[in-house]
Amino acid sequence: MTARGDNTTRYDHRAVEKAWQQRWRETRQRRGLHPPSGRKKYILEMFPYPSGNIHMGHVRNYTLGDVLARFYRAQGFDVLHPMGWDAFGLPAENAAFEHKQHPRAWTHANIDAMRTQLQSMGLALDWQREIATCHPSYYKHEQGMFLDFLERGLAYRKEAWVNWDPSENSVLADEQVIDGKGWRSGAIVEKRKLEQWFLKITDYAPQLLEELSRMPQWPEKVKTMQRNWIGRSEGCLVDFRIQKNEETLPAEISPEISMDRLRVFSTRPDTLFGATFCAISPNHPLSEALAKSRPALKSYIEQANRKTQQQGDFDKSNKKGNKKSNKQGNKEDKEDKSGIDTSLRLLHPFDENLTLPLFVCDYVLMEYGTGAIFGCPAHDQRDLDFARQHGLTVKPVVLPEDAEEDSFAITETAWTGEGRMINSRFLDGLKIADAIVRATERLQEKSLGRKKTTWRLRDWGISRQRYWGCPIPVVHCSHCGIVPVARAELPITLPEEVSFDQPGNPLEHHEAWRSTPCPACGANAERDTNTFDTFVESSWYFLRFCDPRNDDRVVSDEAQEWLPVDQYIGGIEHAILHLLYARFFTRALKDCGHLKNLVEPFGGLFTQGMVCHATFRDEATGAYLFPDAVWQNKDKGKDKDKDKGKDKGNEKTHEAWTVKKTGAKVVRGRSEKMSKSKKNIVDPQQVILQYGADTARLFMLSDSPPERDLEWSFAGIEGAARFMQKLWRMAENRRAENKRAEDKKNASIPAKESTRTHPSHPEDRRPEDTKETQALFVAKRITPQALCRATHQAIRETTADIEQLRFNRAIAHMRKLANAIEACREESDLAEKQRTFAFDALLRLLHPFVPHITEEIWQRREETTLLSEERWPAFDATQAHEEEITMAVQVNGKLRATVCLPDNCAREQAEQVALSEDNVQRALAGGAIRQIVFVPNKIVNILVEKTREPDEPAQRST
RNA sequence: GCCCACUUGGCGGAAUAGGUAGACGCAAGGGACUUAAAAUCCCUCGGCGAGGAAUCGCCAUUCCGGUUCGAGUCCGGAAGUGGGCACCA
C-alpha cells in the first residue's frame, strides 16, 4: 500500500486509493444498521438519478457532505451518511424505447456503474443502507402511505388538464413538450382534461408557511422562494347578486343559472366603489353553464384553454434562451385582454342601484380565489388594460398623497400605491388599510362578504401515465367505483414483461396486469394504470435511510432517533418542489401515525452552486465541442515581449482556440453550467483516474465558497495536485527527521546529513550567498513557539469553518499551517517536537478533505489505528493566544503606523507608544490633539486640529 | 411587472461585532538548482507619484450621497449582473 520509498518519491494515488476505499467500507460495514446511541448527525446529500455516469455536480455535492460526515465522525458523533437511488423516471423508458432494453435492467446497470464511480471518490458512505426507489420493498411503503392518505382524505381525484400527444396516444410531461409539439412524434400537443390523483398539500399551506420563520438553518433565499410559492394573501370574499329581470337575464339562459350570487375574492375591498365590471374565468361553472346555449362563448372558452397551453410552452421553451425577448413577447400578451360580455348584470353590494356588467375573461384564473373578480380599472393594471379595450368606465377611488382630487386622473397606469379614499361614500377620507377593514365590516353586516385568506399553492397532481413508476394501489370497479387495494396485497408490483413498441402507456395495454377482481365485490375490475410522479419517492426517502430493511414500518420508533436530517445538501433547483413536497410529506405522515414527533425533515439546508465551464463552438458550423477537443495556442514569442516592454503586463493573452484534430477555428463562449447538450463537461472519472480522488475533492472545495458557482479549470486542478505532492514531501521530511532523532538517541553519533531536500532554499546555502537572500529568509522564519500558536489557531479556525461549511476558508487555514511548518526550520528538540505536533494536527484536519493521502501517510508512520477512526485534534485556547498584538495607529482616521503591543495593553501605554512613532509625529505636524480614540487591541486614532497647508485656500464662506 | 440576491487586484476569493482592505490560492514576471527539461525552492505582484534605498505620500472594495473619530461592512439613491415568480385579483 506504499509508494516508492526514497526521498524523491512522488505520491501515487493509483497505488493507494482503491485499497483504502475497500478498508473504510469494511470498517463501516462492521458497524451494521443501528439506531444512534448518543450524539448524532444525519448528513445527507440529495440522492442521484441513476443516469449511468456521475458528473461534476455530483462530485461537488457528495464531497461537501463527505467532509461533514468525516468531520463529525472525528468529533465523536454517531454519523448517518447514506446513499441511494432516485430510480424511477422517464429516461429509463426512453432507453427502453431506443435500445430495446427493459427499464429495470437499464436502471440496475446504471446503478452498478454509478456506485463504482461514487466509491472511487472515497466517500464515507453507509453502503449497507443503500436503497433504490424502484425496488418493491421501497415502494410497498409508498403505496401504504397512499392508502393512508386516501383514508384521511389527503388524496383525492379530480379532473385536470394534461398535455396529450394525439399521435402517440399518450400524456406528455411538460418537459416533453417542445414548442407546443410532442418531442418524439412532432405532433401538435393538445390539452385534455383527465381524472387525476391529487394530494392535498393545500391543507398544510398555513403550517408550511409559518414554520419557515422557525428554520434559521435554511438559506433565506430558499425560504423566500417557498413563501412566494405558497403565496398567502389576505382578502375578502364579496358576493354580487345577479340581477334577475327580463331584460338582463333572457329566458333561455335563466334556467341555467341556479345561483343568485356571484362570489369573488379581492385583497382590495376598499376599492369596491371603483368597481366598474366583474369577470369570471372561462372555466368558471357559470361560464360553462352559459356556454351550453351560446356558441360564441363556447368557442371563446375552447380558444382560451388552447391559448393558456401554448402560452405555457412558449415560456418554457424560451426560458433558457433570450430572456428579454421572452419578456417582451409576454408583455404584449398580457396587455391584450380579451373577454366576452355575458349580458348578465350584477348588483353592487353597497348600492343595488349600481349594476356591473359581467364578462368572461381569460385573464381570470379558475385555480385562484373563486375564479371570479370585480374589476377596478383605476387601481389594478390588468383591469385597466381590460377596461380600455372594452370601453369601460375608470373611476378613481384612491387619491395619492400628493395629488389633487379635481385634477387626479388615471390614464395608462393604474394607481396601486398608498393614498386616501375618494368617491367612496362611507369610506371617504380613510387610508387604504382602514378602508379595507371598514368595507369588510360593512359587507359582513349585510351578509355579502367576509374575511378570507387565499393561497397561491395548488394541490399536487401525482398521476403520471407512465410505466416506470410506482403503481397506484387502487382498483376501478364499475359497481363499487374506486376501491383501495387490500393492504395485505401490497406491494402492487409492475409487470415484468412489457412492450414499448406501441405508443402510449404500456400498463394501459397490459390486459393481464390490468384486470383484477374488485377487492370489494369480487367482480371483474381494472387496476389504475397510472403511476406516481417521481417526486413522491423523493418526498420520504430520507426517512427510509434510518431503517432501510424494515418490512413492516416505514421507519421504526427507535430508528426515528436519527431524524431530522441535520444537514441536507443539494442544488438550488430543488428549492421549491422537492423541498416543499418533503416538508408536506413529513407532516402528512406524522398525521397518519408514521412519525413520532418530527416537525421538519431537514434541520439544516445547504444549497451548493453549480460547476461551470466555458463553452466551445466550431466557428464555421456552430456545433458545440468538448473541452478536450480544443486547445489554445498561446502565441507569445519571447522577442515580441521584449519589444513591447512595459506594456506586456497589461496585454491580454492572445487567445486563439482551435480544434485539435483539424485546426479549425473555435469560438470560446462564456462559462455556463456544465451540461451534456453544450458539451462543456469534464468527466469526473477521467480526473480521478489522472489526478486521484483527493485532488478532485480538494479542487472542488478550494477557492470558491460552496454556495457559489465554481469555475472548473485545469490550472486549479493542477494547483490542488501540487498541494498533494507538497504534503507528501512534508511527510517524507518528517519521517526522515524522526528517523535521525531515533538514530541519534541509539547511537549518540551526531547525524551530519542535512534534513533539507531542497538545497536551493536560502537556509541551506553557505554564507557566501548574497546578503539579500539571507535577510529575506530571516524574515520568513518562525520560532517553534510561533508554530505551536499557528497550529492551535489553525485548529480553531478550521473547525469553525467546517461547522459553517466555509470549506474554502478551511483549506486556506490548512495551507497556512503547512506553510508555517515549513517556515519553522530551527534545528532543536523543541522545534522537532513542534513540527511533529503541527504536522500531526494538519493530517487530522486535512483528513475529511483528502482522506486517502492522509490515511496513507498515517499508516506509513507505523500507526496501528486508522486515521479515519481517529479523533479531531484538540484545541487549546491558551496555546493559541497571541501575547503580542499589532495595533493600527491612525491620525484623523488615516493609517500612519502599526505598533506591536502586549495583548490587552492599557490605553496610556498604547497612546504613548503610538505617539512615539516618527511617522505619527510627522502626520500630527505639531497640531493640537483634540481627542484620542482607543479601542483595545484594535486601534489608536489621534484626532488633531487640522493645520492648513500654506497654499490651501481658506474655507469658503458661502 | 413583482420579489430576492450579488458587485473587492489579471482571476477565484479573505476581511468575527464598523477598526491595518487584498488572507489563501491561481495566473504572470524575475531568479536559484539542472548539460537540459520536468519537478522543486526563493523573490515580486491593486494603481499613480517621490526616493539610491529603507521607505513615504496620494488614490482605490460598481457609482452618487449620508451616519461615524473611523465604512468593503450600516442607511438612502442609481447602475449593472444573476436568480425566483409571473395575468395570483
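So, here is what we can say about the structure in this document. (Residues numbered from 1 in each chain as written. Chains lettered and ligands numbered in written order. Predicted model: local features only at pLDDT ≥ 70, side-chain atom pairs only at ≥ 80, totals over all residues. Heavy atoms only, no water.)

1. Some points on the sheet that holds strand E21 (residues 474–477)
Rule in force here: Two strands pair under a simple rule: DSSP has to find at least two bridges between them. Numbering of helices and strands runs from the N terminus; a helix is a DSSP stretch of H or I covering at least four residues, while a strand is a stretch of E covering at least two. To obtain each axis, a line is fitted to C-alpha atoms, and for helices this fit is confined to the stretch in contact; angles are then taken between N-to-C directions over 0 to 180 degrees.
In space, the four strands of this open sheet follow the order E22-E21-E24-E23, with antiparallel pairing throughout. At either end of the open sheet lies a strand with only one pairing partner, and these are strand E22 (481–484) and strand E23 (515–517). Going across the sheet, the axis of each strand differs from the next one's by a mean of 40°, ignoring polarity. Two elements, E23 and strand E24 (residues 524–527), share three bridges in a ladder whose sense is antiparallel. If you follow Ser515 over to E24, its bridge partner there is Glu526.

2. A few points about the state of the cysteines
Our working rule: For this text, the term disulfide refers to a pair of cysteine sulfurs within 2.5 Å. To sort residues, take the accessible area from a 1.4 Å probe on protein chains only and compare it with the maximum for the residue type: under 20% means buried, over 50% means exposed, and anything in between is partly exposed.
Applying the stated criterion across every chain yields a total of zero disulfides. We note that Cys376 lacks a disulfide partner, and the nearest cysteine sulfur, in Cys278, lies 11 Å from it. By relative accessible area, which is 3% here, Cys376 ends up buried. Lacking any disulfide linkage, Cys477 is separated from the closest cysteine sulfur, that of Cys518, by 3.7 Å.

3. Overview of the sheet that holds strand E36 (residues 929–935)
Here is the rule: The criterion used for residue contact is that any of the two residues' heavy atoms lie within 4.5 Å.
Here four strands make up an open sheet; going across it, the order is E35-E34-E37-E36 and the pairing mixed. Each edge of the sheet is formed by a strand with only one pairing partner; in this case those strands are strand E35 (894–902) and E36. When the angles between neighbouring strand axes are averaged without regard to direction, this sheet yields 20°. The strands that helix H28 (residues 907–915) touches are strand E34 (884–891), E35, E36 and strand E37 (939–944); relative to E36, the one it contacts most, it runs at about 120°.

4. Describing the pattern of salt bridges
Opposite charge on two side chains permits pairing when their charged atoms draw close. The following threshold applies: Basic side-chain nitrogens of Lys or Arg form a salt bridge, by our definition, when they fall within 4 Å of a carboxyl oxygen of Asp or Glu.
Tallying each qualifying case throughout the model produces 49 salt bridges. Among the ionic pairs, Arg382 bridges to Asp380, the shortest N-O distance being 2.5 Å. Arg382 gets classed as partly exposed once you look at its relative accessible area, which sits at 47%. With relative accessibility at 17%, the residue Asp380 sits in the buried group. One salt bridge connects Arg438 with Glu441, and the closest N-O pair in it is separated by 3.8 Å. With Arg438 and Glu441 both in helix H12 (residues 432–445) and three residues apart, the pair spans about one turn of that helix.

5. Describing the pairing of strand E12 (residues 277–280)
On E12, burial covers both faces: Phe277 and Ala279 on one face and Cys278 and Ile280 on the other are all buried. Note: E12 against strand E15 (residues 372–375), four bridges, orientation antiparallel. Residue Phe277 lies in a different strand from E15, and its bridge partner there is Gly375.

6. Quick look at the packing of helix H2 (residues 56–74) against helix H23 (residues 784–803)
To keep things clear, this is the line we draw: When an angle is under 35 degrees it counts as roughly parallel; over 145 it counts as roughly antiparallel; between 65 and 115 it counts as roughly perpendicular; any other value is oblique. By definition, any crossing whose near helix is turned counterclockwise from its far helix by less than a right angle is left-handed, and any crossing with a clockwise turn is right-handed. Amino acid classes used here: Ala, Val, Leu, Ile, Met, Phe, Trp, Tyr, Cys and Pro are nonpolar; Asp, Glu, Lys and Arg are charged; the rest, including Gly, are polar.
Look at H2 against H23: their axes get within 10 Å of each other, and the N-to-C directions meet at 125°. In terms of axis orientation, H2 runs oblique to H23. Here H2 runs over H23; the crossing is left-handed. Facing Val67, Leu68, Phe71 and Tyr72 of H2, the residues of H23 in contact are Thr799, Ile802 and Glu803. Within the contact of H2 with H23, the residues separate by chemical class into five nonpolar, one polar and one charged.

7. Some details on the side chain of Ser556
The condition that has to hold: Any pair of nitrogen or oxygen atoms within 3.5 Å is treated as a polar contact; in protein, a donor-acceptor pairing is required on top of that, and neighbouring residues in sequence qualify only through side-chain atoms on both sides.
With respect to the helices and strands, the residue Ser556 is situated in the loop between helix H16 (541–544) and strand E26 (565–571). At a separation of 3.1 Å, a polar atom in the side chain of Ser556 contacts the main-chain amide nitrogen of Ala559. When near neighbours in sequence (up to four residues on either side) are disregarded, Ser556 contacts Asp547 and Asn550.

8. Focus: a negative patch on the surface
Note the cut-off: Only residues whose relative accessible area exceeds 30% and that take part in no salt bridge are eligible for patches, with like-charged residues grouped when within 9 Å of each other and nonpolar side chains (Val, Leu, Ile, Met, Phe, Trp, Tyr) grouped when within 5 Å. Only the protein chains shown count as cover for residues, and all accessible areas are computed by the Shrake-Rupley method using a 1.4 Å probe. Under the counting rule used here, the positive set is Lys and Arg, the negative set is Asp and Glu, and His together with the chain ends is not counted. Positions of charges follow a simple convention, taking NZ of Lys, CZ of Arg, CG of Asp or CD of Glu.
Taken together, the side chains of Glu404, Glu405, Asp406 and Asp428 present a region of like negative charge at the surface. Note that Asp406 resides in the loop between strand E16 (398–399) and strand E17 (420–421). Residue Asp406 is classed as exposed on the basis of its relative accessible area of 80%.

9. Concerning unusual backbone geometry
Note: most residues except glycine have negative phi, and most peptide bonds are trans. For the peptide bond that leads from Leu490 to Pro491, omega is 0°, which places it in the cis range. On the secondary structure map, Pro491 appears in the loop between E22 and helix H13 (506–509). Of the consecutive residues Leu563 and Pro564, the connecting peptide bond is found in the cis state with omega at -5°. Here Pro564 shows up in the loop between H16 and E26.

10. Details of the protein's contact with RNA strand B
Worth spelling out the cut-off: Nearness is defined per residue: one heavy atom within 4 Å of the molecule or strand is enough.
With respect to spatial proximity, 56 residues lie near RNA strand B, and among them Thr267, Lys337, Arg382, Arg809 and Asn941 are the closest. When the atoms of RNA strand B within 4 Å of the protein are grouped by moiety, sugar and phosphate amount to 69% of the total. Arg458 is positioned such that a nitrogen or oxygen atom in its side chain is 2.7 Å from a base nitrogen of RNA strand B. A distance of 3.5 Å separates a base nitrogen of RNA strand B from a polar atom in the side chain of Gln890. For the surface near RNA strand B, the element with the most residues is helix H24 (residues 807–823), which contributes six residues.

11. Some words on the packing of H23 against helix H25 (residues 829–846)
Here H23 crosses H25 at 15°, and the two axes come no closer than 9 Å. With respect to their mutual orientation, H23 and H25 come out roughly parallel. The crossing of H23 and H25 is left-handed. Contacts between H23 and H25 involve Pro784, Gln785, Leu787, Cys788, Thr791, His792, Ala794, Ile795 and Thr798 from the first element and Leu830, Ala831, Gln834, Arg835, Phe837, Ala838, Ala841 and Leu845 from the second. Here the contact of H23 with H25 is composed, by residue class, of 11 nonpolar, five polar and one charged.

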